[in-house]
Amino acid sequence: MRKISLLEGLTSLPTPLNISIFWSGGSILGMMLGIQLVTGLFLSMHYTSDISISFDSVVHIMRDVPNGWLFRLFHANGASFFFIFLYLHIGRGLYYQSYSVQPKTWMVGVTIFLISMATAFLGYVLPWGQMSFWGATVITNLLSAIPYWGGTLVEWVWGGFSVGQATLNRFFSLHFILPFLIALLVMVHLIFLHEKGSTNPLGQTHHINKVTFHPYFTYKDLVGFICVGLSLVLICAYFPFSLSDPENFIYANPMVTPTHIQPEWYFLFAYAILRSIPSKLGGVVALAMSIFILYFLPLSSQFMSVPASFNMIQQMLFWWLVVVFLLLTWLGACPIEDPYLSLAGPLTIIYFFSYPLLMIVGNFSVSILK
């Protein structure tokens, strides 16, 4: 019996005929992760994790290192592209209820999402600009809300009594290591995916109406790679800092607090949820649960579910959640004042109630159809 190589096993994977372009999101994310690993590796060769010269080392990369500006722009804007497709990938899983069909794949995917957020936050601190410093100060201070051990935990993370040299050193080390952990989890994610194979818009995983992955979907993914790659080149060439905060072009000054401290755009929805809760501990719990709630979705696998393609209630609820997510992202970038704070509270409640509704709406729809 002929042995099948790993590459041959991957390319001969049975893939549903009727999957749409949204199923290319995982492949595009793999490409973006590769870009981040390669560009990050080259940037680390010239970056210095010293608070006195780290800002200048970034300037040195941009101005003096051959093609350093290109690697840095690809890395900075590539992070935004990574999260755009990460949210699209999660959205596709929510819409087509992939969490109920492949719970193990979903759980590993949510873990990748969490570690990616941590990695992006650590990388945002490294340029040591104003927003980097104050963003690190505000976010790490959230740990002080934990009863009894909060203060000690914050000092342990800082490596001292404030954000400083020790903090930057450990953030750089973790930012370098975590992407390799993400790559390992991606392989686990793919192993679990290949147990049943990809789902399709009908929510099926059986091997009826399937073709081999190569060459049909290889070329389809290649078209996606080219389009996304050209978009990234366009952004880096003509709008290189459109996704960056202007405050981060100022050297970090612990004595001057920026007027409006905010994280990168892909964290704004969680930041708006944090600000909407008056209690500090309550805000931290809500912030954590805005992501951890995704772990509970596979519990809906015990319910009988109607595929999203035939479930109008599921579709309406999903798009309502998308609108709420976008509004929270917008509110996270707004000043901490009314009416923005007043709007964030109700939207936070709607955000958290939408997920339990997504879990039971399939079973409810079955009852209506009967």
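- The chain goes by Cytochrome b in an unreviewed UniProt entry, where it is assigned to Gastrocopta cristata.
- UniProt lists a comment for the chain under the heading Subcellular location (unreviewed entry), and it reads "Mitochondrion inner membrane".
- The UniProt entry for the chain carries this comment under Sequence similarities (unreviewed entry): "Belongs to the cytochrome b family."

## Here's the deal with the packing of aromatic side chains
Next up, step 1: Evaluation of the coordinates by the stated rule reveals 31 aromatic pairs.
Next up, step 2: Arranged with centres 5.1 Å apart and planes meeting at 50 degrees, the rings of Tyr47 and Phe172 form a pair that is tilted. With a gap of 125 residues between them, Tyr47 in the loop between α2 (25–44) and α3 (54–63) and Phe172 in helix α9 (residues 165–196) connect regions that are remote in the sequence. Like Tyr47, the residue Phe172 is buried in the burial classification.
Next up, step 3: Here Phe269 and Tyr351 contribute two aromatic rings whose centre-to-centre distance is 6.2 Å and whose plane-to-plane angle is 45 degrees, an arrangement assigned as tilted.

## Details of the packing of helix α11 (residues 268–276) against helix α12 (residues 280–292)
Next up, step 1: The N-to-C vectors of α11 and α12 enclose an angle of 150 degrees; their axes lie 8 Å apart at closest approach. Classified by the angle between their axes, α11 and α12 sit roughly antiparallel to one another. Taken as a pair, α11 and α12 cross one another with a handedness that is right-handed. In this structure, α11 contributes Phe269, Ala270, Tyr271, Ile273 and Leu274 to the contact, and α12 contributes Gly283, Val284, Ala286, Leu287, Ser290 and Ile291.

## Description of helix α4 (residues 68–95)
Next up, step 1: For α4, which comprises 28 residues, the first-to-last C-alpha distance of 40 Å matches the rise-based estimate of 40 Å (1.5 Å per residue) to within 8%.
Next up, step 2: Burial analysis of α4 places 21 of its 28 residues in the buried class, which makes it a mostly covered element.
Next up, step 3: With its phi angle positive at about 55 degrees, Gln97 sits one or two positions after the end of α4.

## Considerations on unusual backbone geometry
What is expected of a backbone is that most residues other than glycine have negative phi and most peptide bonds are trans.
Next up, step 1: Put simply, Asp338 and Pro339 share a cis peptide bond, and its omega is 5 degrees.
Next up, step 2: Relative to the helices and strands, Pro339 resides in the loop between α13 (312–332) and α14 (340–369).
Next up, step 3: Of note in this structure, Asn67 is not a glycine but carries a positive phi near 60 degrees.
Next up, step 4: By relative accessible area, Asn67 is classed as partly exposed at 45%.

## Description of the environment of Phe310
Next up, step 1: Structurally, the position occupied by Phe310 is in the loop between α12 and α13.
Next up, step 2: Residue classification places Phe310 among the exposed positions, given a relative accessible area of 58%.
Next up, step 3: Excluding residues within four positions of it along the chain, Phe310 makes contact with Leu202 and Gln315.

## Thoughts on the UniProt feature "binding site: heme b b562" (unreviewed entry) in the chain
Next up, step 1: With numbering matched to this structure, UniProt assigns "binding site: heme b b562" (unreviewed entry) to His75 and His175. Sequence-wise these annotated residues cover 101 residues; spatially they are packed, their C-alpha atoms never more than 12.7 Å apart.
Next up, step 2: Considering the arrangement of structural elements, one finds His75 in helix α4.
Next up, step 3: Sequence-distant contacts of His75, defined by excluding residues within four places in its chain, comprise Gln36, Thr39, Gly40, Leu43 and His175.
Next up, step 4: Aside from chain neighbours lying at most four places away, what touches His175 is His75, Thr119, Leu122, Gly123 and Leu126.

Cut-offs applied
- Along each chain, the written sequence defines residue order, and numbers are assigned to residues from 1.
- Owing to the predicted nature of the model, reporting of local features is limited to residues with pLDDT of at least 70; listing and counting of side-chain atom pairs is limited to 80 or more, with chain, interface and lining totals taken over all residues.
- The basis for every side-chain value is the complete set of heavy atoms in the structure, and neither hydrogens nor water enter the calculation.
- UniProt positions are given in the numbering used here, feature names are shortened, and annotations may be inferred rather than shown by experiment.
- In this analysis, rings of Phe, Tyr and Trp, with Trp reduced to its six-membered ring, are considered paired at centre separations within 6.5 Å, and the interplanar angle assigns stacked below 30 degrees, edge-to-face beyond 60, and tilted for intermediate values.
- Think of it this way: any DSSP run of H or I at least four residues long counts as a helix, any run of E at least two long counts as a strand, and we number them from the N terminus.
- Exposure categories follow from relative accessible area, calculated using a 1.4 Å probe and restricted to protein chains: below 20% of the type maximum is buried, above 50% is exposed, and the middle band is partly exposed.
- Orientation is described by lines fitted to C-alpha atoms, with helices fitted over the stretch in contact, and by angles between N-to-C directions that extend from 0 to 180 degrees.
- Orientation is classified from the angle alone, with under 35 degrees giving roughly parallel, over 145 giving roughly antiparallel, 65 to 115 giving roughly perpendicular, and any other angle giving oblique.
- Less than a right angle of anticlockwise turn of the near helix away from the far helix marks a crossing as left-handed, whereas a clockwise turn marks it as right-handed.
- Contacts: residue pairs with any heavy atoms within 4.5 Å of one another.
- In this analysis, the expected span of each helix is defined as 1.5 Å times one less than the number of residues it contains.

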